Amino acid sequence: MTETIAPTLTSGPRLGFFTRLLEDAPAHDRYRFALEQIETAERFGFATAWVAQHHFSAAEGGLPSPLVFLSHAAARTSRIRLGTAIITLPMENGVRVAEDAAVLDVLAEGRLEIGLGSGGNPRSFPAFGRTFDERREVFADNLAALRTLLAGEALTVGDVQPEGYRLYPQAPGLGDRLWQATFSAAGAGAAGAAGDGLMLSRTQPRPAENTGASLDEVQLPVIDTYLSALPAGVEPRILASRTAVVADAEDLPRLRELTEPALRAEADRLVGYDTSGLSLDELLAATDTYLGTPEQVVDRLAADRVLSRVSDVSFQVHSVPATNEHTLRSIELLATEVAPALGLQVEGTAGAAGSGAGARPDGAGAAGAGASGRDAVAAGSAR
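Keep in mind that what you see is a predicted model, and the values were worked out from it rather than measured.

## Structural notes on empty space enclosed by the protein
And step 1. One pass over the full model with this rule turns up one cavity of 30 Å³ or more.
And step 2. Of the volumes computed, that of the largest cavity is approximately 40 Å³.
And step 3. Around the largest cavity, the lining residues are Gly16, Phe17, Phe46, Ala244, Phe315, Gln316, Val317, Thr327, Ser330, Ile331 and Leu334.
And step 4. Mapped onto the lining of the largest cavity, the elements with two or more residues apiece are β1 (14–19), β9 (312–316) and α10 (324–342).
And step 5. With four residues, the single largest contributor to the lining of the largest cavity is α10.
And step 6. In the lining of the largest cavity, the residues fall into seven nonpolar, four polar and no charged.

Right under this line is the structure:
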């Protein structure tokens, strides 16, 4: 790896990194790799780093306790914003999430972003005393408690303590850095109405009546619903996750060889239809997996209309079984070659952290150079 620092840009969505900690290695090494990747992302000007939460299955994801992990990442970084993508809130206690998040945000000097979701593996819910069928109701209850405490308001629980419970320590502004992940327009509307950020998936099942739909065809209506529900004056925060492994040409044959069986094993689940007859290149396209040289990845991502309508883009290597070395190289190439070509923001080491993941050094809004706020996001639909 070189020590090159990426140039500072001031337009377009901000650049993010995401990991599920899936390297074929013991937990100690997975955590060490992820820390190295986050530090590398910070050095090359990424604005955000996100980690997933998975319970009881190293094959799905290697991290059950994202806030614990991010506290260590906070101590080893100084600028990059650190986020959860996501905390599965129905399997948590809303009060404990608020307390742990507040402590972490204080330690990280206001760099925490909290992504939340209601999904997760149905088999994990019983261990937490919940069922998968009740996840939406429990999510709403826990989110209400979390939101109340982070706002500095008193949480009342029956008549046990009439004056209520208040969060300590307070983490100013953390309640304005909540994000909700969803596939659906209904979920996007709920996130927008609450003024939360919207988190879009790297891929998702296609509608049965249009299995050939592109990802942006599926996600653009979700963005529209989010924006229509967003209160006036609230800056849109939309994070698009994408799978991108950027590699040198000499490394691609081996990466493609490793990727094909891994991707075929989960492709049907990802897109919702039978992909057994597809070639590898067709499979990569169907699962929205961007694997190639910088030029090849730029060429494909340039056609993604969602990217012109978001405030942030986070890149992950999954479902490609990339090694730590491949991931580090991909981070470097994303920052130095792909992001500038696509107009994504790349920050210098002295870049300001801003007040939230939707902040802009030049005051611009969610998408498009020279545009701002709701108009900038809406204007992206013409692209």
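## What to know about the confidence of the model for the chain
And step 1. Of the residues in the chain, 88% have a pLDDT of 70 or more, and the chain-wide mean is 89.
And step 2. When the criterion is pLDDT under 50, residues 1–10 qualifies, and its contacts beyond four places in sequence or with other chains add up to 28 contacts.
And step 3. Low pLDDT, under 50, characterises residues 349–383; the stretch is placed with 79 contacts to residues that sit more than four places away or in other chains.

## Observations concerning the pattern of salt bridges
Two side chains of opposite charge can pair, provided their charged atoms sit close to one another.
And step 1. One pass over the full model with this rule turns up 20 salt bridges.
And step 2. When the shortest N-O distance is used, the salt bridge between Asp312 and Arg14 registers 3.5 Å. You can see Asp312 sitting in strand β9 and its partner Arg14 sitting in strand β1, a full 298 residues away along the chain.
And step 3. The exposure class assigned to Arg14 is buried, which follows from its relative accessible area of 2%.
And step 4. Of the charged contacts, one joins Arg305 and Asp216 as a salt bridge, the two residues approaching to 3.2 Å between their closest N and O atoms. Pair noted here: Arg305 is in the loop between α9 (294–301) and β9 and Asp216 is in helix α6 (residues 215–229), with a separation of 89 residues, a long-range link.
And step 5. Arg305 sits in the partly exposed class, given a relative accessible area of 29%.
And step 6. Of the residues examined, Asp216 reaches a relative accessible area of 7% and is grouped as buried.
And step 7. Via salt bridges that share partners, Arg14, Arg79, Asp312 and Glu347 belong to a single interconnected network.

## Topic: the packing of aromatic side chains
And step 1. All told, the structure shown has four aromatic pairs when counted by the stated rule.
And step 2. Ring geometry for Tyr31 and Phe69: centres 6.0 Å apart, planes at 55°, overall tilted. Here Tyr31, found in helix α1 (residues 27–43), pairs with Phe69, found in helix α2 (residues 66–75); they are 38 residues apart in sequence, far enough to count as distant.
And step 3. By relative accessible area, Tyr31 is classed as partly exposed at 28%.
And step 4. Residue Phe69 is classed as buried on the basis of its relative accessible area of 6%.

## Some details on the environment of Leu239
And step 1. Here Leu239 shows up in strand β7 (residues 238–246).
And step 2. Sequence separation of Leu239 and Gly16 is 223 residues, and the distance between their C-alpha atoms is 9.0 Å.
And step 3. What Leu239 contacts, discounting residues up to four positions off in sequence, is Trp50, Trp179, Leu198, Met199, Leu200, Asp312, Val313 and Ser314.

## Concerning the side chain of Thr88
And step 1. The topology assignment puts Thr88 in strand β3 (residues 81–88).
And step 2. Its relative accessible area of 3% is what places Thr88 among the buried residues.
And step 3. Setting aside its immediate chain neighbours within four residues, Thr88 contacts Gln53, Gly117, Ser118, Gly119, Gly120 and Phe125.

## A closer look at the packing of helix α3 (residues 94–107) against helix α4 (residues 135–150)
And step 1. Where α3 meets α4, the axes come as close as 8 Å, and the angle between the chain directions of the two elements is 35°. As α3 runs across α4, the sense of the crossing is right-handed. Note on element contacts: α4 touches α3 through Asn142, Leu146, Leu149 and Leu150, opposite Gly94, Val95, Val97 and Ala98.

## Section: unusual backbone geometry
And step 1. Cis geometry is adopted by the peptide bond preceding Ile86, which originates at Ala85 and carries an omega value of 10°.
And step 2. A cis amide bond links Tyr168 to the next residue, Pro169, at an omega of 0°.
And step 3. Mapped onto the fold, Pro169 is located in the loop between α4 and β5 (178–181).
And step 4. The backbone phi angle of Leu21 is positive, close to 55°, even though this residue is not glycine.
And step 5. In this structure, Leu21 sits in the loop between β1 and α1.
And step 6. In this model, Asp288 sits at a positive phi of 55°, which is unusual for a non-glycine residue.
And step 7. For Asp288, the location among the structural elements is in the loop between α8 (280–286) and β8 (289–292).
And step 8. Residue Asp288 is classed as buried on the basis of its relative accessible area of 5%.

## Here we look at the pairing of strand β6 (residues 197–200)
Put simply, side chains in a regular strand alternate between the two faces of the sheet.
And step 1. Side chains Gly197 and Met199 of β6 all project onto a buried face; the interleaved residues Leu198 and Leu200 project onto the opposite face, where all are buried too.
And step 2. In this region the chain leaves β5, passes through helix α5 (residues 185–194) and returns to the parallel neighbour β6; the handedness of that crossover is right-handed.
And step 3. Of the strand pairs in this sheet, β6 and β7 are connected by three bridges, and their pairing is parallel. Within the sheet, the bridge partner assigned to Leu200 lies in β7 and is Ala240.

## Observations regarding α2
And step 1. Looking at α2, one finds that the buried residues are Pro66, Leu67, Phe69, Leu70, Ala73 and Ala74. All buried residues of α2 lie within an arc of 155° about the axis, which places them on one face of the element. Residues of α2 that are exposed and point more than 90 degrees away from the buried face comprise Val68 and Ala75.
And step 2. Next to the buried residues of α2 lie α1, β2 (48–51), β3, α3 and β4 (112–117).

Cut-offs and rules
- Residues numbered from 1 in each chain as written.
- Predicted model: local features only at pLDDT ≥ 70, side-chain atom pairs only at ≥ 80, totals over all residues.
- Heavy atoms only, no water.
- 1 Å grid on protein atoms, 1.4 Å probe; cavity = no way out; pocket = protein on both sides within 12 Å on 5 of 7 lines; lining within 4 Å.
- Points joined across faces, edges and corners; volume = space filled by probe spheres on them.
- Helix = DSSP H or I, 4+ residues; strand = E, 2+ residues; numbered from the N terminus.
- Nonpolar A, V, L, I, M, F, W, Y, C, P; charged D, E, K, R; others polar.
- pLDDT = per-residue confidence, 0-100.
- Contact = heavy atoms within 4.5 Å.
- Salt bridge = Lys/Arg side-chain N within 4 Å of Asp/Glu carboxyl O.
- Buried < 20%, exposed > 50% of the residue type's maximum accessible area, 1.4 Å probe, protein only.
- Phe/Tyr/Trp six-rings, centres within 6.5 Å; stacked < 30°, edge-to-face > 60°.
- Axes fitted to C-alpha atoms, helices over the stretch in contact; angles between N-to-C directions.
- Left-handed = near helix turned anticlockwise from the far one by under 90°.
- Right-handed = clockwise from strand over helix to strand, strands pointing away.
- Pairing = 2+ DSSP bridges.
- Arc of directions from axis to C-beta.

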